[in-house]
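# Report on the structure
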Amino acid sequence: MKILILLLCFSTSAQIINRQSIAKMAKRNHLALEYSEVKKLMFSTVDNINGVVCSAYTPSQCQERYQRRYKRNFKLNIEHTWPQSKGADELPANSDMHHLFVTSKESNSKRANLPFCDAVYDYWQMDGSIQGFDEYSQDCFEPQDHHKGNVARAMFYFAIRYDFSIDKDQEATLRKWNIIDPVDNRELERNEIIQTLQGNINPFILNPEFVDAIKDF
């Protein structure tokens, strides 16, 4: 991991850090995998900790490592942090693990394709995640605190990697989450695991300060 960070720093030190250069880093060596293969990898490797997978939105909802014989009663699935209905519906975006997370079917359904926010009212909540509305009375979803930074960096990655834009209110919230929930060892490890599987990195995990180099996502 230290070598990876040093190499990234060395390779970017001689160039201007902007939207284009970060996008180039995010695309480098990206191998698009089929979604069916990625789903298996998420449960078996990426979000599997010592044989157990837990929901990123509702971490009290966990199950043993995904196996076929548990399929009928399996209550976890894959969340597209950037919704499929908003641009993540085809390869390579659909199967890009840098914005995919294991979540419970319940919390995944509650999030649906809602924007992220700091909710001021809730229709539903569990483990700190909330489906409700924001200060402007817009329907939205707020993930539990320890996943907020992960969401922010996944959204920033997707916007830069696939050249999409994030609305200003949601962007302001995500910028705040990037700060209050900084990158931890698990997120660094996950970034490295994904790199071994699909070839590329999320630059915002290795260098969260890159967020400040983008004036408008």
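Scroll up to find the structure.
Residues numbered from 1 in each chain as written. Predicted model: local features only at pLDDT ≥ 70, side-chain atom pairs only at ≥ 80, totals over all residues. Heavy atoms only, no water.

Looking now at the overall build of the protein chain. Scanning the protein chain for helices and strands turns up 8 helices and 8 strands. When contacts within the protein chain are restricted to residue pairs at least 6 apart in sequence, long-range pairs at least 24 apart make up 67% of them. (Helix = DSSP H or I, 4+ residues; strand = E, 2+ residues; numbered from the N terminus. Contact = heavy atoms within 4.5 Å.)

Moving on: the nonpolar core. If you look at the biggest cluster of nonpolar residues, it comprises 29 residues, and the most contacted ones within it are Phe116, Phe156, Ile166, Leu174, Phe204 and Phe217. Secondary-structure elements contributing two or more residues to this core are helix 2 (19-27), helix 5 (145-162) and helix 6 (168-180). Top element by residues in this core is helix 5. It accounts for 9 residues. Beyond its immediate stretch of four places on either side in the chain, Phe116 contacts Tyr57, Thr81, Arg111, Phe141, Pro143, Val151, Met155, Gln170, Leu174 and Trp177. With 15 residues, the next largest nonpolar core counts Val38, Leu76, Leu100 and Val102 among its residues. (Core = buried A, V, L, I, M, F, W, Y, C linked by side-chain atoms within 4.5 Å. Buried < 20%, exposed > 50% of the residue type's maximum accessible area, 1.4 Å probe, protein only.)

Further remarks concern helix 2. When we look at burial in helix 2, the residues that qualify are Arg19, Ser21, Ile22, Ala23, Met25 and Ala26. N-capping of helix 2 is provided by Asn18, with a side-chain oxygen placed 3.2 Å from the backbone N of Gln20. (Polar contact = N/O pair within 3.5 Å; in protein donor to acceptor, adjacent residues only side chain to side chain.)

Per the counting criterion, the structure on display carries 2 disulfides. Each sulfur of the disulfide joining Cys54 and Cys62 lies 2.0 Å from the other. Since a negative S-S torsion denotes a left-handed disulfide, the Cys54-Cys62 link at about 105° is right-handed. Residue classification places Cys62 among the partly exposed residues on the basis of a relative accessible area of 34%. (Disulfide = S-S within 2.5 Å.)

Burial runs high along strand 5 (residues 100-104): 5 of the 5 residues are buried. Burial of strand 5 is two-sided: the residues Leu100, Val102 and Ser104 facing one way and the residues Phe101 and Thr103 facing the other way are all buried. Of the pairings in the sheet, the one linking strand 4 (residues 76-80) to strand 5 comprises 5 bridges and is antiparallel in character. Residue Leu76 lies in a different strand from strand 5, and its bridge partner there is Ser104. (Pairing = 2+ DSSP bridges.)

Glancing now at the pairing of strand 7 (residues 129-133). Of all 5 residues that make up strand 7, 4 are buried, and the element is covered over most of its length. One ladder, built from 5 bridges, connects strand 6 (residues 121-126) with strand 7; its direction is antiparallel. Residue pairing in the sheet places Tyr121 in a bridge with Phe133 of strand 7. Between strand 6 and the antiparallel strand that follows it, strand 7, lie 2 residues; Asp127 among them carries a positive phi value of about 55°. Pairing of strand 7 with strand 8 (residues 139-142), which is carried by 4 bridges, proceeds in the antiparallel orientation.

Packing of helix 5 against helix 6 brings their axes to within 8 Å, and their N-to-C directions diverge by 125°. Put simply, helix 5 runs oblique to helix 6. Between helix 5 and helix 6 lies a crossing of left-handed hand. Here Lys148, Gly149, Val151, Ala152, Arg153, Met155 and Phe156 of helix 5 come into contact with helix 6, specifically with Gln170, Glu171, Leu174, Arg175, Trp177 and Asn178. In the contact of helix 5 with helix 6, the residues fall into 6 nonpolar, 3 polar and 4 charged. (Axes fitted to C-alpha atoms, helices over the stretch in contact; angles between N-to-C directions. Parallel < 35°, antiparallel > 145°, perpendicular 65-115°, else oblique. Left-handed = near helix turned anticlockwise from the far one by under 90°. Nonpolar A, V, L, I, M, F, W, Y, C, P; charged D, E, K, R; others polar.)

Okay, the packing of aromatic side chains next. Considering all chains together, one arrives at 13 aromatic pairs under this definition. Each residue in the set Trp82, Phe158, Tyr162 and Phe164 is aromatic and connected to the rest through ring pairs, giving one cluster. (Phe/Tyr/Trp six-rings, centres within 6.5 Å; stacked < 30°, edge-to-face > 60°.)

Bringing the sheet that holds strand 1 (residues 48-49) into the picture now. Taken in spatial order, the 3 strands of this open sheet run 1-2-3, and their pairing is antiparallel. Both edges of this open sheet fall to strand 1 and strand 3 (62-64), since each of them pairs with a single strand only. Relative to strand 3, strand 2 (residues 52-54) runs antiparallel, the two being bridged by 3 bridges. Residue pairing across strands places Cys54 opposite Cys62, the latter belonging to strand 3.

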